[in-house]
Amino acid sequence: MATSQKDRVLIAAIGDEDSVTGLLLAGIGHMDSKQKPNFLVVDSKTPLPKIEETFTEFTSRKDIAIILITQQVGDEIRHMLDEYTQAFPTILEIPSKDRPYDPSKDSVLKRVQRLVGEGS
């Protein structure tokens, strides 16, 4: 039987330490039955393959409804964000303390603008 959308109850986060810590303090932290967290703190030493692997893992998990990713980290895996077309989990790019939100880079916003006939 297909996974019901009501089973998607978690928010995952990928981003800098301050952003992820704030989200964890707000209560999004969770460990699944295999002791895998629903978050990844990215810093200058985090290898790109680890970010890509975590993104792929989060997008394939059936208990995650939304993935929040800081735009700075999103820029590092932009190719993956641009290719992602599934409705669930939904990917939302958020600003970080160090870099303001740039709507011109947001792949979801670009997709919505194409659907409603705005922008290029």
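Attention in this report is confined to the structure presented alongside it. As the structure is a computational prediction, the values presented were derived from the model and not from experiment.

Reading the values: the criteria
Residues numbered from 1 in each chain as written. Predicted model: local features only at pLDDT ≥ 70, side-chain atom pairs only at ≥ 80, totals over all residues. Heavy atoms only, no water. Core = buried A, V, L, I, M, F, W, Y, C linked by side-chain atoms within 4.5 Å. Buried < 20%, exposed > 50% of the residue type's maximum accessible area, 1.4 Å probe, protein only. Contact = heavy atoms within 4.5 Å. Salt bridge = Lys/Arg side-chain N within 4 Å of Asp/Glu carboxyl O. Helix = DSSP H or I, 4+ residues; strand = E, 2+ residues; numbered from the N terminus. Polar contact = N/O pair within 3.5 Å; in protein donor to acceptor, adjacent residues only side chain to side chain. Pairing = 2+ DSSP bridges. Axes fitted to C-alpha atoms, helices over the stretch in contact; angles between N-to-C directions.

Observations regarding the nonpolar core
Okay, step 1: Residues Ile 14, Phe 55, Ile 67, Ile 77 and Ile 91 are the most contacted members of the largest nonpolar core, which totals 17 residues.
Okay, step 2: Ignoring anything within four residues of it in the chain, the contact list for Ile 91 reads Phe 55, Thr 59, Ile 67, Ile 69, Leu 81, Tyr 84 and Val 108.
Okay, step 3: Counting residues in hydrophobic clusters, the runner-up holds 6 residues, among them Ala 13, Val 20, Leu 23 and Ile 94.

Considerations on the pattern of salt bridges
Okay, step 1: Using the criterion set out here, one finds 5 salt bridges in the structure.
Okay, step 2: Taking the shortest distance from any N to any O, the salt bridge between Asp 75 and Arg 78 comes out at 2.7 Å.
Okay, step 3: A residue is classified by how much of its surface remains accessible, and Asp 75, at 25% relative accessible area, is partly exposed.
Okay, step 4: Take Arg 78: its relative accessible area is 14%, and that puts it in the buried class.
Okay, step 5: Salt bridges sharing common partners tie together Asp 75, Arg 78 and Glu 93.

Re the side chain of Thr 54
Okay, step 1: Mapped onto the secondary structure, Thr 54 falls in helix α2 (residues 48–60).
Okay, step 2: A distance of 2.9 Å separates a polar side-chain atom of Thr 54 from the backbone oxygen of Lys 50.
Okay, step 3: Among all residues touching Thr 54, those that are not within four sequence positions of it are Ile 14 and Leu 40.

Notes on the sheet that holds strand β2 (residues 39–41)
Okay, step 1: Sheet architecture is open: 4 strands sit in the order β2-β1-β3-β4, paired in parallel fashion. Across the chains shown, the open sheet's two edge strands, defined by having one partner strand only, are β2 and β4 (90–94). This sheet shows a mean twist of 20 degrees between the axes of neighbouring strands, independent of strand direction.
Okay, step 2: Pairing geometry for strand β3 (residues 64–70) and β4, over 5 bridges, is parallel. Among the inter-strand pairings, Ile 69 is bridged to a residue of β4, identified as Glu 93.
Okay, step 3: Set on the sheet, α2 makes contact with β1 (10–15), β2, β3 and β4; between it and β1 the angle comes to about 170 degrees.

Overview of the pairing of β1
Okay, step 1: With respect to burial, β1 is a largely interior element, 5 of its 6 residues being buried.
Okay, step 2: Here β1 runs beside β3; their pairing, made up of 5 bridges, is parallel. Looking at β3, one finds that Ile 11 is bridged to Ile 66.
Okay, step 3: Examined bridge by bridge, β1 and β2 share 3 bridges and lie parallel to one another.

Honestly, it's all geometry; don't read function into it.
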